[in-house]
Amino acid sequence: MRFPEFTGEWKAERLNDIAILTKGAGISKDQLSESGEPCILYGELYTKYKSEIIEDVISKTNIPTDKLIKSKANDVLIPCSGETAVDIATARCVLSDNVLLGGDLNIIRLKHHDGSFMSYQLNGKRKYDIAKVAQGVSVVHLYGENLKGIVTYNPQIEEQKKIVGLLSLLDERIATQNKIIGDLKKLKSAIIDYIFNNEVLSFRKRIHLSDVATKITQKNTNNHVSNVLSNSANQGIIPQSEVFDREIANEDNTSNYFVISQNDFVYNPRKSATAPYGPINRYYGQTDGVISPLYLCFRSHNIDVEYLGWYFKSDSWHKFVYQNGDTGVRHDRVSIKDEIFFSMPLFIHNADEQIEIAKRLNKIESFVKQEEQYLFLLESQKLYLLQQMFI
């Protein structure tokens with residue numbers, strides 16, 4: 001795939017022949033500040049800078065800069081360490097001079113080529129070439145010496161800039177789409193908390209969870225169910241292999257696991273940033289599954305199941321868990337007795353309101369899913385172009 005006005009051959013060139021490879025100097029996370037000189041740490045290439053081009057630098061530091069390394073506009077950065085060989089092949093181009101570059105950053109200072117073009121190329125066709133020269137198992141390392149032999153394919157500078165223009169437009173649209181999704185999720189959360197926490201909104205009846213839910217105690221006797229599930233704060237109740245990229249439980253020995261069915265609920269007491277008291281999720285799967293006995297499972301009755309699912313997406317039950325949970329040895333996990341958990345007070349709407357509330361929240365959720373699907377299409381289009389526009 002190529003712009004029709006360009007016909008010249010692309011030239012094969014090793015990074016060592018077209019760039020000077022250097023390394024950043026130490027800036028630690030605790031040396032970041034509200035003011036000072038702009039700086040980039042290696043971990044931010046994974047977490048803060050999602051596109052290949054860094055236009056606005058987020059972090060700052062006020063430490064002495066005389067022994068630190070400063071960027072030159074057009075520098076390409078790649079982390080020196082990461083969790084996997086593929087992840088470490090993450091290239092970003094800095095468009096500004098004098099940005100402080102932290103340790104554990106490889107700096108590719110190009111002599112003539114466009115740095116943004118090189119970042120797109122290294123993240124596309126060259127990604128797995130870079131992964132092959134990375135070293136290590138539990139922590140993967142990548143140094144300038146490893147990068148010197150990477151072969152790149154480069155057209156004339158005018159064609160490089162044309163390709164960058166197209167891909168950067170797509171990146172801008174992806175960034176806009178991410179913002180749309182983020183704003184929709186914030187709106188959804190605000191509506192959920194308003195519905196379930198606002199005492200003025202409508203009359204609600206006070207009940208206990210035990211009035212509308214029963215603990216599931218059925219075990220997977222004889223290992224007759226092989227669908228092993230996990231309860232993720234971000235993804236909900238999904239096959240365990242999708243959480244860990246492999247099966248953690250032995251499918252032949254899950255006899256002590258609980259069997260759950262569609263619309264059952266699972267409480268995972270493990271805390272996280274998105275679920276500070278652990279997630280309570282509803283199971284949407286059409287086939288029965290089994291889940292670890294570390295989780296608390298329950299089945300609802302005499303309440304709209306979709307409404308109850310949305311209720312647990314609010315924070316209205318957090319205070320009860322905070323006040324009634326035991327102080328355990330593990331700080332990353334809530335410890336609360338089953339009988340206390342089921343004594344949790346719920347403030348619920350009447351039956352008709354439950355149906356209407358669930359219907360409206362489902363509609364908002366469908367908007368979010370549509371926007372997420374469009375984001376997936378945009379990212380797929382970018383991935384396709386990264387593979388097709390480079391040799």
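Residues numbered from 1 in each chain as written. Predicted model: local features only at pLDDT ≥ 70, side-chain atom pairs only at ≥ 80, totals over all residues. Heavy atoms only, no water.

### Focus: the nonpolar core
Then, in step 1: Within the largest apolar cluster, 33 residues are counted, with the highest numbers of intra-cluster contacts made by Leu209, Phe312 and Phe341.
Then, in step 2: For this core, the elements supplying multiple residues, two or more each, are helix H7 (157-197), helix H8 (209-212), strand E20 (265-267), strand E23 (296-300), helix H10 (305-311), helix H11 (318-324), strand E24 (345-348) and helix H13 (351-388).
Then, in step 3: Ranked by the residues each element gives to this core, the list is headed by H10, at 5 residues.
Then, in step 4: When neighbours within four sequence positions are excluded, phenylalanine 312 is seen to be in contact with Leu209, Phe265, Ile280, Phe298, Trp317 and Met344.
Then, in step 5: Ranked by size, the runner-up nonpolar core spans 19 residues in total, among them Leu15, Ala19, Ala89 and Ile108. (Core = buried A, V, L, I, M, F, W, Y, C linked by side-chain atoms within 4.5 Å. Buried < 20%, exposed > 50% of the residue type's maximum accessible area, 1.4 Å probe, protein only. Helix = DSSP H or I, 4+ residues; strand = E, 2+ residues; numbered from the N terminus. Contact = heavy atoms within 4.5 Å.)

### Here we look at the packing of aromatic side chains
Then, in step 1: Counted by the stated rule, this structure contains 17 aromatic pairs.
Then, in step 2: When the centroid spacing of 5.2 Å and the interplanar angle of 70° are considered together, the rings of phenylalanine 196 and tyrosine 311 count as edge-to-face. Pair noted here: phenylalanine 196 is in helix H7 and tyrosine 311 is in helix H10, with a separation of 115 residues, a long-range link. Pair check on accessibility: phenylalanine 196 and tyrosine 311 agree, each one buried. (Phe/Tyr/Trp six-rings, centres within 6.5 Å; stacked < 30°, edge-to-face > 60°.)

### Concerning the sheet that holds strand E12 (residues 105-110)
Whenever strands of a sheet pair, they do so through backbone hydrogen bonds, lying parallel or antiparallel.
Then, in step 1: Pairing in this open sheet of 5 strands is mixed, and the strands run E2-E12-E8-E10-E5 from one edge to the other. Both outer strands of the open sheet, strand E2 (19-23) and strand E5 (53-54), are each paired with one neighbouring strand and no more.
Then, in step 2: Across 5 bridges, E2 lies against E12 in antiparallel orientation. The partner of leucine 21 across the bridge, within E12, is isoleucine 108. (Pairing = 2+ DSSP bridges.)

### Some points on unusual backbone geometry
Then, in step 1: Although it is not a glycine, asparagine 222 adopts a positive phi angle of roughly 65°.
Then, in step 2: Of note, asparagine 222 is situated in the loop between strand E16 (213-215) and strand E17 (229-232).
Then, in step 3: In the Ramachandran plot, asparagine 223 falls in the positive-phi region, its phi being about 55° despite a non-glycine side chain.
Then, in step 4: Within the fold, asparagine 223 resides in the loop between E16 and E17.

### Quick word on the pairing of E23
Then, in step 1: When you tally the buried positions in E23, you get 4 out of 5 residues, the bulk of the element.
Then, in step 2: Sheet topology note: the E16/E23 ladder contains 3 bridges and is antiparallel. Within E23, the residue paired with threonine 214 across the bridge is arginine 299.

### Describing the sheet that holds strand E6 (residues 59-61)
Then, in step 1: Pairing in this open sheet of 5 strands is mixed, and the strands run E3-E6-E4-E11-E7 from one edge to the other. Edge strands, defined here as strands with exactly one partner in the open sheet, are strand E3 (32-33) and strand E7 (69-70).
Then, in step 2: Examined bridge by bridge, strand E4 (residues 37-40) and E6 share 3 bridges and lie antiparallel to one another. For cysteine 39, the partnering residue across the bridge sits in E6 and is serine 59.

### Some points on the pattern of salt bridges
Then, in step 1: What the rule picks out here adds up to 17 salt bridges.
Then, in step 2: In this structure, lysine 382 and glutamate 52 form a salt bridge, with 2.6 Å as the shortest nitrogen-oxygen distance. With lysine 382 in helix H13 and glutamate 52 in the loop between helix H2 (44-47) and E5, the pair connects residues that are 330 residues apart, well separated along the chain.
Then, in step 3: Residue lysine 148 pairs with glutamate 145 through a salt bridge whose shortest N-O separation is 3.2 Å. (Salt bridge = Lys/Arg side-chain N within 4 Å of Asp/Glu carboxyl O.)

### Considering H13
Then, in step 1: In a regular helix each residue adds 1.5 Å, so 38 residues correspond to 56 Å; H13 covers 55 Å between its end C-alpha atoms and thus fits that length.
Then, in step 2: All of the buried residues in H13 are Gln354, Ile357, Ala358, Leu361, Ile364, Glu365, Val368, Leu375, Leu378, Lys382, Leu385 and Leu386.
Then, in step 3: Looking at the buried side of H13, the elements it contacts are helix H4 (115-123), H7, H10 and E24.
Then, in step 4: Capping the start of H13 is the job of one residue whose side-chain oxygen sits 3.1 Å from the backbone nitrogen of aspartate 352: asparagine 350. (Expected span 1.5 Å × (residues − 1). Polar contact = N/O pair within 3.5 Å; in protein donor to acceptor, adjacent residues only side chain to side chain.)

### What about the packing of H4 against H7?
Then, in step 1: Put simply, H4 and H7 touch, their axes get as near as 9 Å, and they point 65° apart. When the axis of H4 is compared with that of H7, the two are roughly perpendicular. Every pair of crossing elements has a handedness; the one defined by H4 and H7 is left-handed. Packed against H4, whose contacting residues are Ser116, Phe117 and Tyr120, the element H7 presents Gln160, Ile163, Val164, Leu167, Ser168 and Asp171 at the interface.
Then, in step 2: Of the residues assigned to the contact of H4 with H7, the class counts are 5 nonpolar, 3 polar and 1 charged. (Axes fitted to C-alpha atoms, helices over the stretch in contact; angles between N-to-C directions. Parallel < 35°, antiparallel > 145°, perpendicular 65-115°, else oblique. Left-handed = near helix turned anticlockwise from the far one by under 90°. Nonpolar A, V, L, I, M, F, W, Y, C, P; charged D, E, K, R; others polar.)

### A closer look at the packing of H7 against H13
Then, in step 1: Where H7 contacts H13, the axes come no closer than 10 Å and their chain directions differ by 165°. With respect to each other, H7 and H13 are oriented roughly antiparallel. In the crossing of H7 with H13, the sense of the turn from one axis to the other is left-handed.
Then, in step 2: By residue class, the composition of the contact of H7 with H13 is 21 nonpolar, 3 polar and 9 charged.

### Examining the environment of tyrosine 284
Then, in step 1: If you trace the backbone, tyrosine 284 turns up in the loop between strand E21 (280-282) and strand E22 (289-291).
Then, in step 2: When its relative accessible area of 56% is taken as the criterion, tyrosine 284 is described as exposed.
Then, in step 3: As a C-alpha pair, tyrosine 284 and serine 261 span 23 residues in sequence and 8.4 Å in three-dimensional space.

### Thoughts on the side chain of lysine 382
Then, in step 1: Using a relative accessible area of 10% as the deciding quantity, one classes lysine 382 as buried.
Then, in step 2: In terms of polar contacts, lysine 382 uses its side chain to reach the side chain of glutamate 52, at 2.6 Å.
Then, in step 3: Beyond its immediate sequence surroundings of up to four residues, lysine 382 is in contact with Glu52, Tyr120, Leu170, Asp171 and Ile174.

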